[in-house]
Number of protein chains: 2
Amino acid sequence: MSPDRPHPLSPEHPLGHVVIIGPGLIGGSLGLALRRGRLARRVSGVGHRAQTLEEGCRLGALDDFTLHAGDVAPRADLVVLATGVNLIVRQAAELLPLLKPHAVLTDVGSVKGVICAAAEPLYSAAEPARAVFVGGHPLAGSEKRGIAAARHDLFHGALCILTPTPRTDPAGQGLALVRRLWLALGARVLEMDPVVHDRLLAEISHLPHAAAACLVNAISDEAHAVAARGFLDTTRVASGDPHLWAEICLANRESLSRSLRALARQAERLADALGRGDAEGVTGLLARAKERRDALERRTAP
Amino acid sequence: MSPDRPHPLSPEHPLGHVVIIGPGLIGGSLGLALRRGRLARRVSGVGHRAQTLEEGCRLGALDDFTLHAGDVAPRADLVVLATGVNLIVRQAAELLPLLKPHAVLTDVGSVKGVICAAAEPLYSAAEPARAVFVGGHPLAGSEKRGIAAARHDLFHGALCILTPTPRTDPAGQGLALVRRLWLALGARVLEMDPVVHDRLLAEISHLPHAAAACLVNAISDEAHAVAARGFLDTTRVASGDPHLWAEICLANRESLSRSLRALARQAERLADALGRGDAEGVTGLLARAKERRDALERRTAP
């Protein structure tokens, strides 16, 4: 290891004081992984419900908690915002005056454009000794929510996308620290522009969710009455929290509406081929989908 | 039990000789369930690959097998066509001269309109002592195929739709026997018109399949490169056999193309709401989908 390259996180080289704001499934899993791996000296939780935070302590995800960020933020080396997209935008601004110089702020929000556009000018434009912000998004989770569903190995093998911008110091401590964090938790780390992130996530995450909702809404009440297990399996994500998902969809509205129209065009195209009784065309569209999906399955196999 | 009501199938009141044509996942599971429950005196398999049929015997799904339907059909009390939609249409016609009077022919095809339209006139128009046909469709299975995936409990709790038509004798032995068969295997039995069946199945089964293929085809290669587990889970059915599915989609082309256009309209509607930044509209569409799907989940809970 070259002398100027930072150590990977380990019990011998742990993070200092980590503050997780909004520890639910993602933040709680982060806390569990850090504490179980002895990768941080202290993990504090901040939230608005003491009961949830107490549960976080009981589950081993947190060392302690407070209802007020101001109690712990000034001593934090790393703050992770694990709340919703709109709240992350607000909290990033509110935390700025509380953080010590060179502290690192990151987040796990599902949409990065609006978050980075709001947070980065605040953090990078300021004095050089100010705290730094690096956007992040671990692609992990499920339709389950809340700290009770947290797992220490949630990020193992998952992809975590970091979204540095031209304002981010590519050789700075902030980016290096957030990268070391996710690597230590077993994630693969990819860096991309926030706008590219949002476009790709619209396609692979927000579109499947929206499409499942459209599918459920497209079928008749009569059909609902005979729907079986297969239909439920295909539309599982449509049972996610509509408010949470509406927030994500709206924060990524431009890319997502484009993807939804691409889906509509594909559906019309297949309907046209069926209408013509075009066996070759129909088989071709289904074969192409199978080929692409199977390739993906092979690539993401554990 | 009233004296004129037939006994449920049981080891004391088993079927006679059952012939399963094309024993794969569905036909094999049927054979396993019949033999394990001692619900038939003999179960013969007919197919075109001896190796598969030998495996069926080894797994306990079949007592014996032949490559030629003519060897066993003349002695069969019940013949089950478990091949693909187009083949079922052809085989139903071919079997007619082979079957003994009052024998019962049924099938498990995923589309019922074309099958019933072809088979019923042949079977019901004939002399009164001829074999009878009753269309059926057990809604069970998975993306797995082949007799190796067969399970004796595959139909337990599943819905099996029977599609008698005005040509079917509602009090006849054929319908009663097929109904008793599926009830004995733990399925819930529902009767409906073949055309209604196809319309509903287009919505709950063929549309989700086609939509998953459209989703995979709608996204860019770049997005494929970052697609994670969640995307694979949502699009699982798109990995089904494209030839098998093209056959199903084409056999039900009218209903399915209508359903695909309904999906396209829903996608455009959500895209429009996003384009307007209409938070209430977006939340409303997602909330409606969640509500409908959750209701379904509760209803189909085991």
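For clarity, every value in this text was computed on a predicted model and none was experimentally measured.

## Focus: the overall build of chain A
In terms of regular secondary structure, chain A is built from eleven helices and nine strands. By the compact-globule yardstick of 19 Å for 302 residues, chain A fits well, its C-alpha radius of gyration being 21 Å. Dimensions of chain A, computed from the C-alpha atoms along their principal axes, are close to 65 × 40 × 35 Å. Classification of the 302 residues of chain A by burial places 55% in the buried group. At a minimum sequence separation of 6, the contacts of chain A that also span at least 24 residues come to 72%. Taken as a whole, chain A presents about 13,000 Å² of accessible surface, with 53% of it coming from carbon and sulfur.

## Points about the interface of chain A and chain B
Interfaces are often described in size by the accessible area the parts lose on coming together. With 80 residues of chain A at the interface, the matching set in chain B holds 80 residues. Here chain A packs against chain B, burying approximately 7,400 Å² in sum over the two surfaces, 64% of which is carbon and sulfur. Summed over the three residues of chain A that lose the most area to chain B, namely Asn217, Arg292 and Arg293 of chain A, the buried surface amounts to 10% of that side. Linking chain A to chain B there are eight salt bridges. In this structure, the salt-bridge partner of Arg261 of chain A is Asp272 of chain B, at a minimum N-O distance of 3.1 Å. Put simply, chain A and chain B have 38 residue pairs in polar contact (both at pLDDT 80 or more) between them. Every element with two or more residues in the side of chain A that touches chain B is listed here: helix 6 (194-218), helix 7 (221-224), helix 8 (229-234), helix 9 (242-251), helix 10 (253-275) and helix 11 (279-300) of chain A.

## Digging into unusual backbone geometry
For residues besides glycine, phi is generally negative; the peptide bonds are generally trans as well. Residues and elements named next belong to chain A. With a phi close to 50°, Arg38 is a non-glycine residue in the positive phi region. Tracing the chain through its elements places Arg38 in the loop between helix 1 (25-36) and strand 2 (40-46). Judged by its relative accessible area of 56%, Arg38 falls in the exposed class.

## Quick look at the state of the cysteines
Disulfide: a covalent bond formed between the sulfur atoms of two cysteine residues. According to the stated counting rule, one finds zero disulfides over all chains in the structure shown. The cysteine Cys214 of chain A is free of any disulfide, with Cys249 of chain A supplying the nearest cysteine sulfur at 9.5 Å.

## Thoughts on the sheet that holds strand 1 (residues 15-21) of chain A
All names here are of chain A. On the basis of which strands lie adjacent, the open sheet formed by six strands has the order 3-2-1-4-5-6 and parallel pairing. One side of each edge strand has no neighbouring strand; the edge strands of this open sheet are strand 3 (64-66) and strand 6 (132-134). Between one strand and the next, the sheet's axes are offset by a mean angle of 25°, whatever the strand orientation. Across four bridges, strand 4 (residues 78-81) lies against strand 5 (residues 104-107) in parallel orientation. Residue pairing in the sheet places Leu78 in a bridge with Val104 of strand 5. Docked against the sheet, helix 3 (residues 85-95) engages strand 1, strand 4 and strand 5, running at close to 155° with respect to strand 4.

## A look at the domain arrangement of chain A
All names here are of chain A. Domain annotation for chain A reports domain 1 (15-192) and domain 2 (197-300). Once you take the C-alpha centre of each, domain 1 and domain 2 turn out to be 31 Å apart. Across the contact, 16 residues belong to domain 1 and 13 residues belong to domain 2. In this assembly, domain 1 packs against domain 2 so that about 1,200 Å² is buried in total across both faces, 67% of it on carbon and sulfur atoms. Taken together, domain 1 and domain 2 are joined by one salt bridge. Note that Arg145 and Asp241 form a salt bridge whose closest N and O atoms lie 2.9 Å from each other.

## Details of the relation of the copies chain A and chain B
Expressed as a screw transformation, the operator carrying chain A onto chain B has a rotation angle of 180° and an axial translation of 0.0 Å, and the superposed copies differ by an RMSD of 0.0 Å. On this basis, the relationship between the two copies can be described by a two-fold rotation axis. Judged by C-alpha distance, Ala264 of chain A is the residue of chain A that lies nearest the rotation axis, at 2.1 Å. Both copies contact each other with a shared surface, as 100% of the interface residues of chain A are interface residues in chain B too.

## Description of the nonpolar core
Residues Leu260 of chain A together with Leu260 of chain B are the most contacted members of the largest nonpolar core, which totals 132 residues. When sequence neighbours within four positions are dropped, the list of residues in contact with Leu260 of chain B reads Ala267, Leu270, Ala271 and Leu274 of chain A together with Leu207, Ala210 and Cys214 of chain B. With 37 residues, the next largest nonpolar core counts Leu9, Ala61, Val80 and Trp182 of chain A among its residues.

## Remarks on the pairing of strand 4 of chain A
All names here are of chain A. A two-sided burial pattern is seen for strand 4, the buried positions comprising Leu78 and Val80 on one face and Val79 and Leu81 on the other. Two strands pair when backbone bridges link them, and strand 1 and strand 4 are joined in this way by four bridges, in the parallel orientation. Of the residues in strand 4, the one forming a bridge with Val19 is Val79. Where the polypeptide runs from strand 4 across helix 3 and back to strand 5, its parallel neighbour, the crossover connection is right-handed.

## A closer look at the packing of helix 10 of chain A against helix 10 (residues 253-275) of chain B
Each packed pair of helices is defined by two parameters, the angle between the axes and the distance between the axes. Packing of helix 10 of chain A against helix 10 of chain B leaves a shortest axis separation of 8 Å and a crossing angle of 165°. Between helix 10 of chain A and helix 10 of chain B, the crossing angle belongs to the class labelled roughly antiparallel. When the axes of helix 10 of chain A and helix 10 of chain B are compared, the crossing they make is left-handed.

## Quick word on the packing of aromatic side chains
Residues and elements named next belong to chain A. Counted by the stated rule, this structure contains four aromatic pairs over all chains. Here the aromatic rings of Phe155 and Trp182 are separated by 5.0 Å at their centres, their planes lie at 80°, and the arrangement is edge-to-face. Here Phe155 is found in the loop between strand 7 (136-139) and strand 8 (159-162), whereas its partner Trp182 is found in helix 5 (residues 173-184), with 27 residues between them in sequence. Overall, the relative accessible area of 1% leaves Phe155 in the buried class.

## Quick word on the pattern of salt bridges
A complete count under the given rule lists 34 salt bridges over all chains for this structure. One salt bridge in this structure joins Asp63 of chain A and Arg35 of chain A, with 2.9 Å as the shortest N-O distance. One end of the pair, Asp63 of chain A, is in the loop between helix 2 (50-59) and strand 3; the other, Arg35 of chain A, is in helix 1, with 28 residues separating them in the sequence. One salt bridge in this structure joins Asp64 of chain B and Arg42 of chain B, with 2.8 Å as the shortest N-O distance. Pair noted here: Asp64 of chain B is in strand 3 (residues 64-66) and Arg42 of chain B is in strand 2 (residues 40-46), with a separation of 22 residues, a long-range link. In this structure Asp64 of chain B comes out as partly exposed when scored by relative accessible area, which is 22%. Classification of Arg42 of chain B by relative accessible area gives partly exposed; the value is 31%. Ionic contacts of the salt-bridge type, sharing partners, join the residues Arg261 of chain A together with Glu268 and Asp272 of chain B into one network.

Definitions and cut-offs
- Residues numbered from 1 in each chain as written.
- Chains lettered and ligands numbered in written order.
- Predicted model: local features only at pLDDT ≥ 70, side-chain atom pairs only at ≥ 80, totals over all residues.
- Heavy atoms only, no water.
- Helix = DSSP H or I, 4+ residues; strand = E, 2+ residues; numbered from the N terminus.
- Rg over C-alpha atoms; globule rule 2.2 N^0.38 Å.
- Buried < 20%, exposed > 50% of the residue type's maximum accessible area, 1.4 Å probe, protein only.
- Contact = heavy atoms within 4.5 Å.
- Areas by Shrake-Rupley, 256 points an atom, 1.4 Å probe, with all protein chains shown as cover.
- Buried area = accessible area lost by both parts, 1.4 Å probe.
- Salt bridge = Lys/Arg side-chain N within 4 Å of Asp/Glu carboxyl O.
- Polar contact = N/O pair within 3.5 Å; in protein donor to acceptor, adjacent residues only side chain to side chain.
- Disulfide = S-S within 2.5 Å.
- Pairing = 2+ DSSP bridges.
- Axes fitted to C-alpha atoms, helices over the stretch in contact; angles between N-to-C directions.
- Domains from an automatic or database assignment.
- Least-squares fit on C-alpha atoms with pLDDT ≥ 70 in both.
- Core = buried A, V, L, I, M, F, W, Y, C linked by side-chain atoms within 4.5 Å.
- Right-handed = clockwise from strand over helix to strand, strands pointing away.
- Parallel < 35°, antiparallel > 145°, perpendicular 65-115°, else oblique.
- Left-handed = near helix turned anticlockwise from the far one by under 90°.
- Phe/Tyr/Trp six-rings, centres within 6.5 Å; stacked < 30°, edge-to-face > 60°.

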